[in-house]
Structures are given as C-alpha cells and as structure tokens.
Amino acid sequence: KAEDGSRLWLRYEQVSDEEMLEQYRSLLQEVVIQGESETLSIVRHEIQKGLTGLLGHSIPIDKVLSQTQSLIIGTPATSKVVASAGLDESLKAIGDEGFLVTMKKMEGVTHRIIAANTDIGLLYGVFRFLKQLQLHKSIRDLSIESAPRIKHRLLNHWDNLDRSVERGYAGLSLWEWSTLPEYKSPRYVDYARANASIGINGTVLNNVNSDPRMMTEQYLEKASALADIFRPYGIKVYLSANFYAPMRIGGLDTADPLDPEVQQWWKEKVDQIYEHIPDFGGFLVKANSEGQPGPADYGRTHAEGANVLAEALQPHGGILMWRAFVYSADQEDRFREGYDEFVPLDGEFADNVILQVKNGPIDFQPREPFHPLFGALPKTNTMLELQVTQEYFGFSNHLAYMGPLYEEALQSDTYVQGEGSTVAKVIDGDLFDYKHTGIAGVANTGTDRNWTGHPFGQANWYVYGRMAWDHSLTAEKVADEWLRMTFTHDPDFVEPVKSMMMKSREAGVKYRNPLGLTHLYAQGHHYGPAPWTAELSRPDWTAVYYHRADSAGIGFDRTESGSNALEQYQPSVRARFENPETMPEEYLLWFHHLPWDFKLNSGKTLWEELVHRYYEGVTMVEEMQKTWNSVEGLIDQERFDHVQALLEIQKKDALWWRNACVLYFQSLSGKPIPAGLEKPA
Ligand code: GCW
C-alpha cells in the first residue's frame, strides 16, 4: 500500500520482533473496561485498533474480569476492578491527567492495569501502553507513573479564516470554515487523536493576527462543533482575540479597556462564547505588536488591557494568554523591549493571565539565547512559546529536527534562584509557584496528506508534545522513539538517521547564521538570505540592523558599551556572556561587535571561523544526504524518495545561504576565503 505518512507515529503495524510478539500475545488475552463515556468509547476503540494491529489478531473487550491474563483499564470511579486494586495512594499522586501502567495479582492471576483518576488520564495511559508495544519493550514488569508537569499544553494555529496559514507550509488550514458546523471532516478526529497521543490538551484555532469575525455568532457555531469533537480527546478550544473587537464587531466607538461599555462588551461576548463552548479555554492576544491593536492605543498598559479580558473569563474558569512579543520601530535594540515593557508590570496582571513569551528575545531564530523575561516575573504566570512550524528553518522543504532547540531552550539556566533555575522550572511553576502554567507551540500542520509537508516535520509536532508533557526528556530519546514508531526498528536505519536528525538543527544554524549572527533573511518570506538588506519600512526589519557588519568588524554590541541588553540577565548569566574571550562561541555575535581579526578558541580569526562554519553547514547537509542515501531499501520507497528529493533542495539552499552570506561579508571585510576552501560560486 502507498505510504503517504498520514498515519503519523500511530501506525500500529504487527510487531516484527517474534519474541516480543509472543510475550504480548500470551500476556494480553483479554481487555476489561468498565464504565461508559465518550472518552471511554475512544479508549475502547484505540486499544482495539492498537492491539489488533500490533498483535495481528483481535482481543475480546469485556466488562467483567475472568481468569485469563487481562489488560484492565479504568478509573476507580467507574471500574470496580480498578477500585479494588489498591492503587489509591499512587492515584493520588498523579492528578487529573496522569496515569499508571502497572500490574496486580488478583485471585492468582496477574493482570496489567491502566489506571487514572479521569477518563482522559486513561486515554493518555492507553497511548502510553500501546507505545510500549510499538517500541517492542517488555510488558512483563510494568510500573509506569506519569503526569504532566505543565498544565496548559497548547498548539497555536496561525490559521486565517480564508484557510491560509501564516507561516504554514503544509497546505491549507485544517479547519474547513465554509462547511462547518454541518460537515465535520474526519480529519478533525484524526487531529484530536494525534494530539491526545502526545498529551496536547488545548488548541488556539485562529491566528494571533486575529480576524475579529472569529468571535461572531457565525464562527462561534463553527468553533463549537470543533470543540465538541475535540472534547472527548481532552482538548480545549481557545481563540485569538482582536483587541478592537468591541469596535469591529461590537459597534462601539472605542476599545479603551477602561471604558465601562467596553468592559461590559467583553463580559457579554465571553458569556456568549461559553454558551457555545461550555469548557472554552480562553483567549490568546497579540497586542501592540506588528500593527495589531492594543491598550497602548489608548495610553493604557498591557496589564490594564489584559485584565479586562481576564476578568470576563474569570467566572467561567477561562485563562488569558497575553503575548510578550512586542517591539517598536524606533527603539535602539529590539532584544530589550519585551523585558523593558513587562518587568515593570510584574504583579499587575490578574491571576488568570499568563504571559506568553517566545523562547528567545528576537523571533524564533535558529539559535537564540533564552529570553531574559524567564525568571524576571516572579508575580506573573509565564509560559513558553516555541515554534513548531519552520518559519526560519527552510519551511517544510528542509529537514530540521527541533528537539535539540527545544531542549536547549528548556534547559537554559536563568540562575534566578541560583544554579539550576532552568527555563523549564520557571514555566512549570517550580520556582515561583505560578497559579497557571503553560506552553505553546506554533503548529506546523495543514491539509497535506502527511500533515506537515516534510515527512520529518512530524517529528517536530511529536517532540513538542512530548516535551510539553515532560520537559526533562532529551531530544535524542524522543527522536529514537519517533523513528521507531514512524518508520522501522531496523538499527541500520534508526541509528544513522537519528544522528542525522540530531545534527540537522545545528546544520541549519551553520549555513544561515553561525557564531550568533541572526536574522539575515530576506524580509517578508524568511526563506532565503539577504544580509545586505538595509532599507525597508522600518530599521528593525533589515538584516544590517542585526549583523552590524562593516569593514572593521561584525556583531551586535549588547554589553555596556552598546545597548546593554545583557543587564537584563542575572549577574552570573551576564558574566558568562560579557567576555568575548570566554563566552560560548555559538552566542558570540549576539552580544559582541568584534573586529574581523579577533582570535577565537580554534586559533582562527573571527573572519576565518565564520567562513569555515558556513562551509561546515553545507558539508553537514551533504552528510545528511549520504546518510539518507545509505538507508534506501530499509523503509518504503515513497517516503524515502520524498525525503531524498527534499534533501537535494536543502543542499542547494544551504549553498545559496553560504555563498550569499560569505560573499556579502567578504565585500565588507575585504578578506580572502581561507585556504583550503573552494571559492563560492
Ligand atoms: O515570527 C513572526 C512572524 C509573523 C508572526 C509574528 C508573531 C503571527 O514573522 O508572521 O505573526 O512573528 O509571532 O506574532
């Protein structure tokens, strides 16, 4: 059959390891599920589908336990068997969404048990149990206890009402607005199921550059149909709200947050939304950023703006995610702005507001230092926004596994309470005891048959969900499981392809912006290079703003002699970055403007090292191609060919980036291409 990748990591093919297959078959004779609910029907369906595929035969699903070795699935509330299994203590520890996968001997027979406090917890447990089989791991001894560390784990769709997707490279938006609510595409269920399998529990349906019509009756009916489909999968619907909605769809002549009529309008609007979607999650707002309206238009602060929406949501239990991605055209350093704007407001936001902060201070670049707002807001719930779609990573043409980037972002040490105060510990509420914790990923899904365009784009969706659930996971471990579930267990495939994935992000950094260069993209599309861009509608959208190269040197001085953005970090972080001689070189030009002859650790000058790294980026892509070519025949030809063709594009683009950047910088530095490297053509 044709392999179009549409089954994602949920392929459930018969286990190829004979020994394991035999073990599973002998230990799983029957499934026992007691209770009824929409989610439990999904649980039944999923376990049946999973086991039928993986074991190669179907297993009876019963309501009563017999004397055969069974898999028991239930909550103590609806399953007598689970209630009598003595799991109370462990269940207490795992909260609403957690699960246990364990064993119990009952009347002389050992059974496997998936237990949770809620049906959603069971669904997560079922996916986890099936994964054990998908990964060919033993189920002889089982004692898995798992609960998410972050409460709100969301995808953000930058989807417009005309179904175009801002920075989306995998087809149209999944939401077929023109036929909703009557027609419910089966894809909605597929989408919910895939997300539930990795623990995502919320989705913002529409773009942060938000069309106010999204909040009209007409669209709320449509959104409500989606919410009904997603609900039994544990996924809540959220909407991006436009700050001018009171005017644009409400007929008021102001959107001033301190105006009582405006406040009343938001209350009524929110009440109306809850009539359609009783468990509506809340709003996401991009305000006073890139032309979006916001409270500053009325001389009000972000907190004054946010709190009005938050108050309207509060009685319903909704949350408000307010984005910290703000910058204006006339400031000295865009890096500084989020921090300068929001730190003075710490403590002024309502407690159902979460400030949503991108991982880095500029904008989802291939490498950024962590955003200084992490750790700087002890009194404001703070969540992390990552980008899953590859806006700055070659769209869905390039293979760039985001696991290493997410891991780097989560494990960055803010030092706000001494060593070990990672971004992960800020956002999971460990350090400041936040009331709400959250994480968001800008989605890379669309109507492409394989969901993400590039077959390896699926890995980014997957790793985002996995790390949102458990931020202590390593990118490598997740790559390993994703490969096994998505392609094959053959070690001749898994090992080389895994190391290819692990290198792919760094390759993307090197052929675009090594040594801490940033944002050298052609403005607008963000695909190819244009480091020479100097004149655009605003300076902070030009490449020269970021690299500041001239005949003397290159880099953005963010030390005291420059914008002093470094002062926004804790002293130990600052100290680490302050000295160009000792700082990590991958961040060098983020913080320092240095002469071309500056000596680096390698003994090379800055110029030589920069050029070498650009060349290495291309070499790394060539190595990725070699690796991929070596696995032909180990997987289906369709996906093999697809990836092979895309790698060819990536190779051309990497050369394009290298040559464009090296030649441009050479026109400023006046230095020769270092010996041993071919001349850029
Ligand atoms: O990354 C930039 C994108 C914009 C995006 C903006 C944002 C949704 O280029 O397309 O707008 O960030 O995050 O708001």
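Criteria and thresholds
Counting restarts for each chain, with residues numbered from 1 along the sequence as it is written. With pLDDT at 70 or above as the cut-off, local features in this predicted model cover only qualifying residues; side-chain atom pairs require 80 or more to be listed or tallied, and sums for whole chains, interfaces and linings still use all residues. We count a stretch as a helix when DSSP gives it H or I for four or more residues in a row; a strand needs E for two or more, and each element gets its number in order from the N terminus. The globule rule is 2.2 Å times the number of residues to the power 0.38, and the radius of gyration it is compared with is taken over C-alpha atoms. Put simply, a residue is buried when 20 or more other C-beta atoms lie within 10 Å of its own C-beta and exposed when 12 or fewer do; between those, it is partly exposed, and each C-beta is set from the backbone. A residue pair is marked as a contact if its C-beta atoms, positioned from the backbone, fall within 7 Å. For two strands to count as paired, DSSP must find a minimum of two bridges between them. Here, axes are lines fitted to C-alpha atoms. For helices the fit covers the stretch in contact, and angles between N-to-C directions go from 0 to 180 degrees. Where a domain begins and ends is set by an automatic assignment or by a domain database. All amino acids are sorted into three groups, where Ala, Val, Leu, Ile, Met, Phe, Trp, Tyr, Cys and Pro are nonpolar, Asp, Glu, Lys and Arg are charged, and the leftover types, Gly among them, are polar.

Trainee: Explain the overall build of the protein to me, and be specific about the residues and the numbers.
Mentor: Of regular secondary structure, the protein possesses 21 helices and 16 strands. Taking 2.2 N^0.38 as the reference for a compact globule, 681 residues should give roughly 26 Å; the C-alpha atoms of the protein span a radius of gyration of 26 Å, in line with that estimate. C-alpha extents for the protein along the principal axes are approximately 80 × 65 × 50 Å. Burial statistics for the protein: of 681 residues in total, 52% are counted as buried. In the protein, once contacts between residues fewer than 6 apart in sequence are set aside, the share between residues at least 24 apart is 72%.

Trainee: Go over the sheet that holds strand β3 (residues 70-74) with me, naming the residues and quoting the values.
Mentor: Overall, mixed pairing links the 6 strands, which are arranged β2-β1-β3-β5-β4-β6 in an open sheet. The sheet is open, and its two edges are formed by β2 (61-62) and β6 (144-146), each paired on a single side. Pairing analysis gives 4 bridges linking strand β1 (residues 30-33) to β3, with the strands arranged parallel. Each bridged residue has a counterpart across the sheet, and for I33 the counterpart in β3 is I73. Running over the sheet, helix α5 (residues 119-134) touches β3, β4 (99-106), β5 (109-116) and β6 and is turned about 80° from β4.

Trainee: Describe in detail the sheet that holds strand β12 (residues 353-358), supporting the description with residues and values.
Mentor: Spatial ordering of the closed barrel is given by β7-β8-β9-β10-β11-β12-β13-β14, a layout of 8 strands whose pairing is parallel. Ignoring strand direction, the axes of neighbouring strands in this sheet form an average angle of 25°. As paired strands, strand β11 (residues 319-323) and β12 are joined by 4 bridges and run parallel to one another. Within the sheet, the bridge partner assigned to M321 lies in β12 and is I354. Here helix α7 (residues 217-230) sits on the sheet and contacts β8 (202-204) and β9 (236-240); the angle it forms with β9, its principal contact strand, is near 150°.

Trainee: Break down unusual backbone geometry for me, citing the residues and quoting the values.
Mentor: Between L180 and the following residue, P181, the backbone shows a cis peptide bond with an omega angle of 0°. You can see P181 is positioned in the loop between β7 (152-156) and α6 (186-198). Located in the positive-phi region is Y12, a residue other than glycine, with phi close to 50°. Note that Y12 resides in the segment before α1 (18-27). A positive phi angle, near 75°, is found at R163, a position not held by glycine. Its place among the elements puts R163 in the loop between β7 and α6.

Trainee: Let's hear about the environment of F493: which residues, and what values?
Mentor: With respect to the element layout, F493 can be found in helix α16 (residues 491-512). What makes F493 partly exposed here is the crowd of 18 C-beta atoms within 10 Å. Distance in space between the C-alpha atoms of F493 and F230 is 35 Å, their sequence separation being 263 residues. In this view, F493 contacts F487, T488, V631, L634 and I635; residues no more than four positions away in its chain are not counted.

Trainee: Mind laying out helix α12 (residues 403-411), listing which residues take part and the relevant values?
Mentor: Across the 9 residues that make up α12, a large majority, 7, are buried. Taken as a whole, α12 has its buried residues at G403, P404, L405, Y406, E407, A409 and L410. Elements that come into contact with the buried residues of α12 comprise β13 (382-387), α13 (423-427), α14 (457-469), α15 (475-486) and α16.

Trainee: An account of the domain arrangement of the protein is needed here, citing residue identities and associated values.
Mentor: What the domain assignment lists for the protein is domain 1 (18-146), domain 2 (152-486) and domain 3 (509-669). Its C-alpha centre places domain 2 at a distance of 28 Å from the equivalent point of domain 3. Tallying the contact residues gives 28 residues for domain 2 and 31 residues for domain 3. Considering only residue class, the side of domain 2 that touches domain 3 consists of 15 nonpolar, 7 polar and 6 charged.

Trainee: Go over the pairing of β13 with me, naming the residues and quoting the values.
Mentor: The buried count for β13 comes to 6 of 6 residues, which makes it a mostly enclosed element. Every second residue of β13 is oriented toward a common face, with T382, L384 and L386 on one face and M383, E385 and Q387 on the other, all of them buried. Examined bridge by bridge, β12 and β13 share 4 bridges and lie parallel to one another. In the sheet register, V357 faces β13, and the bridge partner there is L384.

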